[in-house]
Amino acid sequence: MTAARHVAVVGAGPAGLAAAHAALAAGARVTLIDSAEQPGGQYHRTLPEAYAAERPGELQHGWSAFERRRRQVLAHPRCTWLPETSVWALERPDQDGEGTERPGRLQERPDQARKRSVGAPPRLHLLCGGPVDGSGRTRRTLDADALVLATGAHDRVLPFPGWQLPGVYSAGAAQALAKGERVVVGDRVVVAGSGPFLLPVAASLLEAGSRVREVLEAGTPGTVARGWSGRPWELASQLGKAAELKDCAAALARHRVPYRLGRAVVEARGAGRVEEIVTARLRPDWSVVPGTERTVTVDALCVGHGFSPQLELPVAAGCALRGEQPGRGGTGEFVAVDDEQRTSVPCVFAAGEITGIAGAPAACAEGAVAGWTAAGGAPSVQPLRVLRRSRDQGRAFARRLARAHPVGAGWPGWLRLDTVVCRCEETDYRALCEAFTSAAESAPRVAKLGTRAGLGPCQARICGPTVTELRDRFAGRAADGPAERPADGLPAATPHRRPIAQPIRLGELASPAAALIDDEQHLPEGEQLGDASDQIPSDSKQRPSASDQTRTEDEQTRSRGEPTHIEGEQSHPDSEQESDS
Amino acid sequence: MSPRLVPAGSDSTGRRDRPLRITVDGEPADGIEGQTLAGVLLASGRTAWRTGPSGAGRGVFCGIGVCFDCLVTVNEDRDVRACRRRAVDGDVVRSQSRAHPGRTDPRPGPQPGPDPGPDHGHDPDHGYGHGSGPGHDSRSGARAEGEK
């Protein structure tokens, strides 16, 4: 009786759900983790159950296939579904050497230590159960045999004067509110930015009864047409995506919403909230054509200039990234994967938008390849060959997207010296220019501390790529700016390095964490674990030992960040104390 | 006009509303079960509720828990992302501020406008551990912060 291979999947969007599905099909035990209450991610963002919607699929593309897959995965006896669960840290098995994360000293049983010693994926540190950002969530650790990261992406929004005004939303926010809870952001809305995602956002707003005044694509007609029209056979393989976009374009036409190419919002104005915007015609490099400015009255503005992959977990795991030069046809950095979706780290796979922005169909194919391979499925089966082909077509689609909607190099021309670049710290363009033009201050960490850009609550999630791009421009070279001082002794600075991947309260950090699934609970293939819906770790099943609970507050404080194990394994904070913990 | 909830009667999804009421800085705000706090706040006519370092208002920006612009205090929990937290009937929501009353801001732009004092229900949200500045919060609600 050998225990089934245990695959942990982080993210339950199209890629993660497909990964879980394929891993289950290959015979693995799967733990599927997502911060939302339901699978679907941003693409299949579903209405809350409390809405008791009769037709929840009404707003969704590909709903029936998704719904079927969701049911199969969640009801599968070998699947543990962890909704409302954040991975707040990843801990690599080798805790020495440069660049390792140290979220907390571990108390390990010998068998656990052995299991983790060779080729094991990083340990997941979880915060389980709601409410979101509450103070009473349960800390758990999870050691799987393989890890599939499918954490997705969020909108990239380039700064422009006034973008921090209330009423300016990311395109994804407008979409999430309309699709996910039926709130529309305004009644006179402009949707602007770059990429095909603007179309479904505008369509959602129209469906919900907003008046969309215009949709502005910054890419000029020539760039967009060249990107989309070449190699038509690549499009043929993405018929689902093409049909979705066609539906959206039809909705725009029905509502007589103009779709203007080569035009951007270069300023938002208003007293306390956005009241009007200034749009302007752009050259192919996105520099403004003087004299083409136009003022438009709005009550909401939705902007998106492509997407930023959520890379903190892959970076924490040590996965190599592949760079694409922003402003040269690419949109930044992504996780490098091989033909089987393996990352550079053993037993760690990546799928979906973190490997390249290619949309939901490609993400599904990538997820399935990743899940199957992570589960140890045979590499030569026919379905896998089909999936690989579909994945390759998806990647071709991604390249096409990047070609058709590159971020033009001239966008910093929209900035004024007092334009906010880092929203959290309100660091303006002037402060960044001053830092980047000074030899002493232009190294990433020095500039960060000097200007505070990227130090605020979002931890550079929003401004990081922008600040990096601006710095590279000032340095007059592409990827490598001034070297870090050797004395730093720290891993190379990257806008994606966030050892604490999600906020955790100090009180939660101070409480001990139990292993989510104990070794003894490994079940042979086919044995029932019970209804998937009650597999969320319950207190009765995995309560920390009595000795943990009766530890004094002082002890708990001293043992901060130290996951302990259940079944009477008591942690000994004093004896195991690390000098630098 | 302001953001609003699609009326249930004209919603193509055929949803059934169960009303709830929260308070926002002492004022009642009505929503329906399943809405996020951000959804309730927006649909009740509020577009800004948090105050940035310069005193400028902030509301929802990214809508998916990435930008942290929409942070509020909910009951006893500070720094809650309103766009991700489901509203619960009776929630007591207070707005937060990062405005530093004594901040010397070399940049142009509005100086702290709203009084961030407790009388106005504002809570300075220094929960992310600023290295300096007044009002540094070291309560248990503070959060761990990543790389500096």
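Chain B is annotated in an unreviewed UniProt entry as (2Fe-2S)-binding protein of Streptomyces spirodelae.

Named according to an unreviewed UniProt entry, chain A is FAD-dependent oxidoreductase originating from Streptomyces spirodelae.

Caption draft 1: Layout of the interface of chain A and chain B. Contact with chain A, which involves 76 residues of that partner, is made by 62 residues of chain B. Taken together, both faces of the contact between chain A and chain B bury some 6,000 Å²; the carbon and sulfur share is 48%. Counting across the chain A and chain B interface gives eight salt bridges. The salt bridge involving Asp187(A) is made with Arg4(B); its shortest N-O contact spans 2.8 Å. Where chain A meets chain B, there are 29 residue pairs in polar contact (both at pLDDT 80 or more). For the side of chain A that touches chain B, the leading source of residues is helix H4 (residues 171-181) of chain A, giving five residues. Of the residues in the side of chain A that touches chain B, the class split is 35 nonpolar, 17 polar and 24 charged. Note that strand E10 (residues 183-184) of chain A and strand E1 (residues 4-5) of chain B share two bridges and pair antiparallel. The partner of Val184(A) across the bridge, within E1(B), is Arg4(B).

Caption draft 2: Representation of the sheet that holds strand E1 (residues 6-10) of chain A within the structure. All names here are of chain A. Pairing in this open sheet of five strands is parallel, and the strands run E3-E2-E1-E7-E21 from one edge to the other. Both outer strands of the open sheet, strand E3 (79-82) and strand E21 (348-350), are each paired with one neighbouring strand and no more. Each neighbouring strand pair of the sheet contributes to a mean axis angle of 15 degrees, computed without reference to strand direction. One ladder, built from three bridges, connects strand E7 (residues 146-149) with E21; its direction is parallel. Pairing of Val148 across the sheet is with Phe349, part of E21.

Caption draft 3: Structural detail: the environment of Gln175(A). Residue and element names in this part refer to chain A. Relative to the elements of secondary structure, Gln175 occurs in helix H4. Spatially, the C-alpha atoms of Gln175 and Pro361 are 19 Å apart, while their sequence positions differ by 186 residues. Those residues in contact with Gln175 that sit more than four places away from it in its chain are Gly180, Phe197, Pro200, Val201 and Ser204.

Caption draft 4: Molecular detail of helix H14 (residues 464-475) of chain A. All names here are of chain A. Along its twelve residues, H14 runs 16 Å from first to last C-alpha, staying within 8% of the 16 Å computed at 1.5 Å per residue. Within H14 the residues assigned to the buried category are Gly464, Thr466, Val467, Glu469, Leu470, Arg471 and Asp472. Here the buried face of H14 lies against strand E22 (420-422), helix H12 (429-437) and helix H13 (444-451). Where H14 ends, the next residue or the one after it, Gly476, has phi of about 75 degrees, a positive value.

Caption draft 5: Structural detail: the pattern of salt bridges. Overall, the coordinates contain 37 salt bridges over all chains when judged by the stated rule. Measuring nitrogen to oxygen at the nearest pair gives 2.9 Å for the salt bridge that ties Asp339(A) to Arg391(A). Residue Asp339(A) is found in the loop between strand E20 (333-335) and E21, and its partner Arg391(A) is found in helix H11 (residues 382-404); the two are separated by 52 residues along the sequence. As a salt-bridge pair, Arg423(A) and Asp69(B) come within 2.6 Å of each other at their nearest N and O atoms. Residue Arg423(A) is located in the loop between E22 and strand E23 (427-428), and its partner Asp69(B) is located in the loop between strand E5 (57-58) and strand E6 (71-74); the two belong to separate chains. Exposure class is identical for Arg423(A) and Asp69(B). Each is buried. Overlapping salt bridges bring together Arg182(A), Glu207(A), Asp11(B), Arg15(B) and Asp17(B) as one network.

Cut-offs applied
Residues numbered from 1 in each chain as written. Chains lettered and ligands numbered in written order. Predicted model: local features only at pLDDT ≥ 70, side-chain atom pairs only at ≥ 80, totals over all residues. Heavy atoms only, no water. Contact = heavy atoms within 4.5 Å. Buried area = accessible area lost by both parts, 1.4 Å probe. Salt bridge = Lys/Arg side-chain N within 4 Å of Asp/Glu carboxyl O. Polar contact = N/O pair within 3.5 Å; in protein donor to acceptor, adjacent residues only side chain to side chain. Helix = DSSP H or I, 4+ residues; strand = E, 2+ residues; numbered from the N terminus. Nonpolar A, V, L, I, M, F, W, Y, C, P; charged D, E, K, R; others polar. Pairing = 2+ DSSP bridges. Axes fitted to C-alpha atoms, helices over the stretch in contact; angles between N-to-C directions. Expected span 1.5 Å × (residues − 1). Buried < 20%, exposed > 50% of the residue type's maximum accessible area, 1.4 Å probe, protein only.

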